[in-house]
There are 2 protein chains.
Amino acid sequence: MPRHSPEPPAPRARMTPDERRRQLLGIGLRKFVDRPVQELSLDEVAAEAGVSRGLLFHYFPTKTAYHEAVVAAAGRRVLRTVRPDAGVTGEAAVRQIVERYFAQIARRREFYVAFVYGRLGAAAGGAEAAGVTAISLRDNISELVGDALGLRGERLAIAHAWVAYAEDRALQSAARAVGEAGQAGDVDHCVQALLALLELPAVT
Amino acid sequence: MPRHSPEPPAPRARMTPDERRRQLLGIGLRKFVDRPVQELSLDEVAAEAGVSRGLLFHYFPTKTAYHEAVVAAAGRRVLRTVRPDAGVTGEAAVRQIVERYFAQIARRREFYVAFVYGRLGAAAGGAEAAGVTAISLRDNISELVGDALGLRGERLAIAHAWVAYAEDRALQSAARAVGEAGQAGDVDHCVQALLALLELPAVT
């Protein structure tokens, strides 16, 4: 908090560095859904945040650094929303993960698709960077599932691929706008699907 | 064919329009794997093809048109390689599709990931264009599977999501470089996975 406040300062002026960083990433999360990275100017981001270009560069020294930070923030956002409640384990935790993954995709389909398949995920780096977002998201979600069910090795690899299965079901369900009942049926199907896949004989 | 050839023309000069188009798309398929669309100049493509910029524009009037044609060609290429042999149906056809999908991803992992998740797929259009490549590829492959097994409705939706499952297994398998035996085990697992998923109770 500033020590002297002769008149009420604009709320933004009082942000801590952490709040400022989150604000700047939040602007990027909205903007990169609409437009490819090359069309976004950092001046525009600075103007929207009500800060100078110099301050923006203090947080993100290059446009690529900003873009990468936004992509990473998008990944964290999805992951945070699908995490099961503390203390919930086993099949109940898997059901929460699937429900929340479906809800996230239904609520923000455009953001999700841009993030995973589109321009938001297509980082500015070399070809080896392509796909990193989608694959690291699957790594992280399958880890939550693995923790819930105590999976390792081949069974964790099954959970990894099953995340792709559940994502496709969620995208189909969001595209058809199935409503809550339809979504609950699809969530149940996905939980049953994982259990069935884990029952398959081990790959030799 | 040029009417006057005082000296032997370069082989490229004799291409039919179809061959020329394929040549130009082939150059794009290689180049867009290495670099984002905004970094590729059409002059470079024309030079590599040994044609004038004017001739290139005759085939593709804008860079966006060229980019979109390359993305569509990438999709056709993947689809062509996974198609089962004529006359093969049922589980045998599914096995061929999976084998060929795995082989395609193992042979050209970088191309595949750039195409589906990366810059090649992130078309120049609006956000609604994001994900179109990945999703239309799944549409097309699941249609092949649906034809092989006579699937419709909910069972076709299962096959659609299962394509995402098989793709993830193929990407994991290519990343681990499991070799032929490991790949055969993974292919078998994917076929069994589809059959198990199709046995699940219908979504209500």
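Because the structure is a prediction, the values reported are computed rather than measured. (Residues numbered from 1 in each chain as written. Chains lettered and ligands numbered in written order. Predicted model: local features only at pLDDT ≥ 70, side-chain atom pairs only at ≥ 80, totals over all residues. Heavy atoms only, no water.)

What's the story with the overall build of chain A in this structure? I'm lost.
Scanning chain A from N- to C-terminus turns up 9 helices and 0 strands. Starting at the N terminus and walking to the C terminus, you meet the elements of chain A as α-α-α-α-α-α-α-α-α. Counting across all 204 residues of chain A, residues that qualify as buried make up 50%. The contacts of chain A with a sequence gap of at least 6 include a subset with a gap of at least 24, amounting to 66%. Carbon and sulfur atoms form 52% of the exposed surface of chain A, whose accessible area is close to 9600 Å². (Helix = DSSP H or I, 4+ residues; strand = E, 2+ residues; numbered from the N terminus. Buried < 20%, exposed > 50% of the residue type's maximum accessible area, 1.4 Å probe, protein only. Contact = heavy atoms within 4.5 Å. Areas by Shrake-Rupley, 256 points an atom, 1.4 Å probe, with all protein chains shown as cover.)

Honestly, the nonpolar core in this entry has me stumped. Any pointers?
Note that soluble globular proteins tend to have their nonpolar side chains buried in a common cluster. Judged by nonpolar contacts, the single largest core of 127 residues is most densely connected at Tyr66(A), Tyr101(A), Trp162(A), Tyr165(A), Tyr66(B), Trp162(B) and Tyr165(B). Sorting elements by how many residues they give to this core places helix 8 (residues 153-176) of chain B first, with 10 residues. Aside from chain neighbours lying at most four places away, what touches Tyr165(B) is Ile158(A), Ala161(A), Trp162(A), Ala164(A), Tyr165(A), Leu197(A), His189(B) and Ala193(B). (Core = buried A, V, L, I, M, F, W, Y, C linked by side-chain atoms within 4.5 Å.)

How do you make sense of the pattern of salt bridges when you look at a structure like this?
Any two side chains of opposite charge can pair, so long as their charged atoms come close to each other. Summed over all chains, the structure comprises 22 salt bridges over all chains. With its nearest N and O atoms 3.0 Å apart, the salt bridge here joins Lys31(B) to Glu48(B). Placement of Lys31(B) in helix 1 (residues 17-34) and of Glu48(B) in helix 2 (residues 42-49) is noted, with a sequence separation of 17 residues between them. Exposure remark for Glu48(B): the relative accessible area of 29% places this residue in the partly exposed category. Residues joined in a network through salt bridges with shared partners are Arg30(A), Lys31(A), Glu44(A) and Glu48(A). (Salt bridge = Lys/Arg side-chain N within 4 Å of Asp/Glu carboxyl O.)

Would you mind going over the environment of Ala161(B) with me for this structure?
Within the secondary structure layout, Ala161(B) lies in helix 8. A relative accessible area of 0% places Ala161(B) in the buried class. Measuring from C-alpha to C-alpha, the distance between Ala161(B) and Val94(B) comes to 15 Å, with 67 residues separating the pair along the chain. In contact with Ala161(B), other than residues within four places in its own chain, are Tyr165(A), Asp168(A), Arg169(A) and Gln172(A).

Teacher, can you tell me more about helix 8 (residues 153-176) of chain A here?
All names here are of chain A. Compared with an ideal rise of 1.5 Å per residue, which puts 24 residues at 34 Å, helix 8 spans 35 Å between its outermost C-alpha atoms and is within 8% of the ideal. The element helix 8 is largely enclosed, with a buried count of 17 among its 24 residues. Two residues or fewer after helix 8 comes Ala-177, characterised by a positive phi angle close to 50°. (Expected span 1.5 Å × (residues − 1).)

In this structure, what is going on with the confidence of the model for chain A? I would like to understand it.
Low pLDDT means the predicted coordinates in that region are not meant to be read closely. Scored by pLDDT, chain A has a mean of 84; 84% of the residues are at 70 or more. For this predicted complex, the interface score ipTM comes out at 0.82, while the overall pTM is 0.83. (pLDDT = per-residue confidence, 0-100.)

Honestly, the packing of aromatic side chains in this entry has me stumped. Any pointers?
Think of a pair of aromatic rings as described by two things: how far the centres are apart, and how the planes are tilted against each other in angle. Residues and elements named next belong to chain A. Applying the stated criterion to the full structure yields 6 aromatic pairs over all chains. Seen in terms of ring centroids, Tyr-59 and Phe-60 are 6.5 Å apart; in terms of plane orientation they differ by 40°. Their pairing is tilted. By the burial criterion, Tyr-59 is buried, and Phe-60 matches it. An aromatic cluster is present here, built from Tyr-59, Phe-60 and Tyr-66 joined pairwise through their rings. When the ring centre of Phe-111 is taken as reference, the NZ or CZ atom of Arg-77 above it lies at 4.8 Å. (Phe/Tyr/Trp six-rings, centres within 6.5 Å; stacked < 30°, edge-to-face > 60°. Lys NZ or Arg CZ within 6 Å of the ring centre and 35° of its normal.)

Help me out: how do you make sense of helix 5 (residues 90-107) of chain A in this one?
Residues that lie three or four places apart on an α-helix share one face, since the helix turns once every 3.6 residues. End to end, helix 5 of chain A covers 26 Å across 18 residues, agreeing with the expected 26 Å (1.5 Å per residue, within 8%). All buried positions along helix 5 of chain A are accounted for by Gly90(A), Ala93(A), Val94(A), Gln96(A), Ile97(A), Val98(A), Tyr101(A), Phe102(A), Gln104(A) and Ile105(A).

Could you clarify how one ought to interpret the packing of helix 5 (residues 90-107) of chain B against helix 8 of chain B in this entry?
The axes of two packed helices give the description: the angle between them and the distance between them. Residue and element names in this part refer to chain B. With their axes 9 Å apart at the nearest point, helix 5 and helix 8 run at an angle of 45° to one another. Classified by the interaxial angle, the pair formed by helix 5 and helix 8 is oblique. Of the two possible hands of crossing, helix 5 and helix 8 adopt the one that is right-handed. In this structure, helix 5 uses Val-94, Val-98, Tyr-101, Phe-102, Ile-105 and Ala-106 to contact helix 8, whose residues at the interface are Trp-162, Val-163, Ala-166, Glu-167, Arg-169, Ala-170, Leu-171, Ser-173 and Ala-174. (Axes fitted to C-alpha atoms, helices over the stretch in contact; angles between N-to-C directions. Parallel < 35°, antiparallel > 145°, perpendicular 65-115°, else oblique. Left-handed = near helix turned anticlockwise from the far one by under 90°.)

What exactly am I supposed to notice about the packing of helix 5 of chain B against helix 6 (residues 109-117) of chain B here?
Residue and element names in this part refer to chain B. Two elements in contact, helix 5 and helix 6, have axes separated by 5 Å at closest approach and are oriented at 100°. As summarised for this structure, helix 5 and helix 6 are arranged roughly perpendicular, according to the angle between their axes. Side by side, helix 5 and helix 6 meet where Tyr-101, Gln-104, Ile-105, Ala-106 and Arg-107 of the first sit next to Arg-109, Phe-111 and Tyr-112 of the second. Looking at the contact of helix 5 with helix 6 residue by residue, the classes come out as 5 nonpolar, 1 polar and 2 charged. (Nonpolar A, V, L, I, M, F, W, Y, C, P; charged D, E, K, R; others polar.)

When you look at the environment of Val203(B) in this model, what are you seeing that I'm missing?
Assignment of secondary structure puts Val203(B) in the segment after helix 9 (179-198). Here Val203(B) is in contact with Arg169(A), Gly185(A), Asp186(A), His189(A) and Glu154(B), once residues within four sequence places are set aside.

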